[in-house]
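So the chains spell out like this:
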Amino acid sequence: MLKHPVAAQAAFAALIAEGRRFAATPEGAEWAAALAGSDLVRRGRQVWDAVGMNMLEDDPDAILPSAYLEALLRAARSPDLEAALRGLYDATKGDPLGAAR
């Protein structure tokens, strides 16, 4: 998401739109009702928000999530920018996909 925020936002918006279309169908309404009180869904939402840092927006017209821009600006103003960037670099070391990203 951080490397390709525009693509991530577009994919998220498409998933939201598809989910809303499905929810408008009788079968989708049944699923929505069945999952409304699900602890698994609630916990899954917590994981989604934590992993995505709640950056993606529920706005089909959003091209780049505003939270992404805010994070960039906050990082740029940070007095510890070099340490933060070094931490991100160190976090990807040893990652077999790190070089491909």
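Quick summary incoming for the structure in this document. Position labels on residues start from 1 in each chain and follow its written sequence. Since the coordinates come from a predicted model, pLDDT governs what is reported: local features require at least 70, and pairs of side-chain atoms require 80 or more to be given and counted, while whole-chain, interface and lining totals use all residues. Neither water nor hydrogens contribute to the side-chain values; these are computed over all heavy atoms in the structure.

1. A short note on the overall build of the chain
Numbering goes from the N terminus for both helices and strands, where a helix is a DSSP run of H or I of at least four residues and a strand is a run of E of at least two. Looking only at helices and strands, the chain features five helices and zero strands. Shown N-terminal to C-terminal, the secondary structure of the chain runs as helices and strands in the order α-α-α-α-α. For the chain, the proportion of its 101 residues judged to be buried stands at 12%. Only heavy atoms matter for contacts: two residues are in contact if any of them lie within 4.5 Å across the pair. Sequence-distant contacts, at least 24 apart, represent 60% of the contacts inside the chain between residues at least 6 apart. Accessible surface for the chain amounts to roughly 7,900 Å². Of this, 64% is attributable to carbon and sulfur atoms. Categorising residues by exposure relies on relative accessible area from a 1.4 Å probe, with only protein chains included: less than 20% of the type maximum marks a residue as buried, more than 50% marks it as exposed, and the intermediate range marks it as partly exposed. For every accessible area listed, the method is Shrake-Rupley and the probe measures 1.4 Å; residues are considered covered only by the protein chains on display.

2. Observations regarding the pattern of salt bridges
For this document, the term salt bridge refers to a Lys or Arg side-chain nitrogen within 4 Å of an Asp or Glu carboxyl oxygen. Evaluated as defined, the whole model comprises two salt bridges. Taking the shortest distance from any N to any O, the salt bridge between arginine 21 and glutamate 18 comes out at 2.9 Å. Here glutamate 18 and arginine 21 lie together in helix H1 (residues 5–23), a separation of three residues that amounts to about one turn. With a relative accessible area of 45%, glutamate 18 lands in the partly exposed category. Of the charged contacts, one joins arginine 42 and aspartate 39 as a salt bridge, the two residues approaching to 2.5 Å between their closest N and O atoms.

3. Regarding the layout of surface pockets
If a probe the size of a water molecule is rolled over the atoms, the empty space left behind becomes visible. The pocket and cavity definitions rest on a 1 Å grid over protein atoms only: a 1.4 Å probe that fits but cannot leave marks a cavity, an open set with protein on both sides within 12 Å along at least five of seven lines marks a pocket, and residues lining either have an atom within 4 Å of a point. Grid points are joined across faces, edges and corners, and a volume is the space filled by probe spheres set on the points. The volume enclosed by the largest pocket comes to roughly 780 Å³. Looking at the largest pocket, it is lined by 24 residues, and the ones nearest its centre are Leu15, Ile16, Gly19, Val41 and Arg45. Going through the elements one at a time, H1, helix H2 (26–35) and helix H3 (39–51) are the ones with two or more residues in the lining of the largest pocket. Element by element, the count of residues in the lining of the largest pocket is highest for H1, at seven residues.

4. Some thoughts on a nonpolar patch on the surface
Surface patches are drawn from residues lacking salt bridges whose relative accessible area is over 30%; two like charges belong together within 9 Å, two nonpolar side chains (Val, Leu, Ile, Met, Phe, Trp, Tyr) within 5 Å. Nonpolar side chains collect at one region of the surface, where Phe22, Trp31, Leu35 and Val41 lie side by side and expose about 360 Å² of accessible area between them. Within the fold, phenylalanine 22 resides in helix H1.

5. Section: H1
Taking 1.5 Å of rise per residue, the 19 residues of H1 would be expected to cover 27 Å, and the 26 Å separating its terminal C-alpha atoms lies within 8% of that figure. Check the buried side of H1 and you find it contacts H3 and helix H4 (66–77). For a helix, the expected span equals 1.5 Å multiplied by the number of residues minus one.

6. Observations concerning the environment of alanine 23
Along the polypeptide, alanine 23 turns up in helix H1. Sequence-wise, alanine 23 and alanine 33 are 10 residues apart; in three dimensions their C-alpha atoms are separated by 9.8 Å. The contacts of alanine 23, once residues within four sequence positions are left out, are Gly28 and Ala29.

7. Considerations on the environment of leucine 56
Among the secondary structure elements, leucine 56 is positioned in the loop between H3 and H4. When its relative accessible area of 18% is taken as the criterion, leucine 56 is described as buried.

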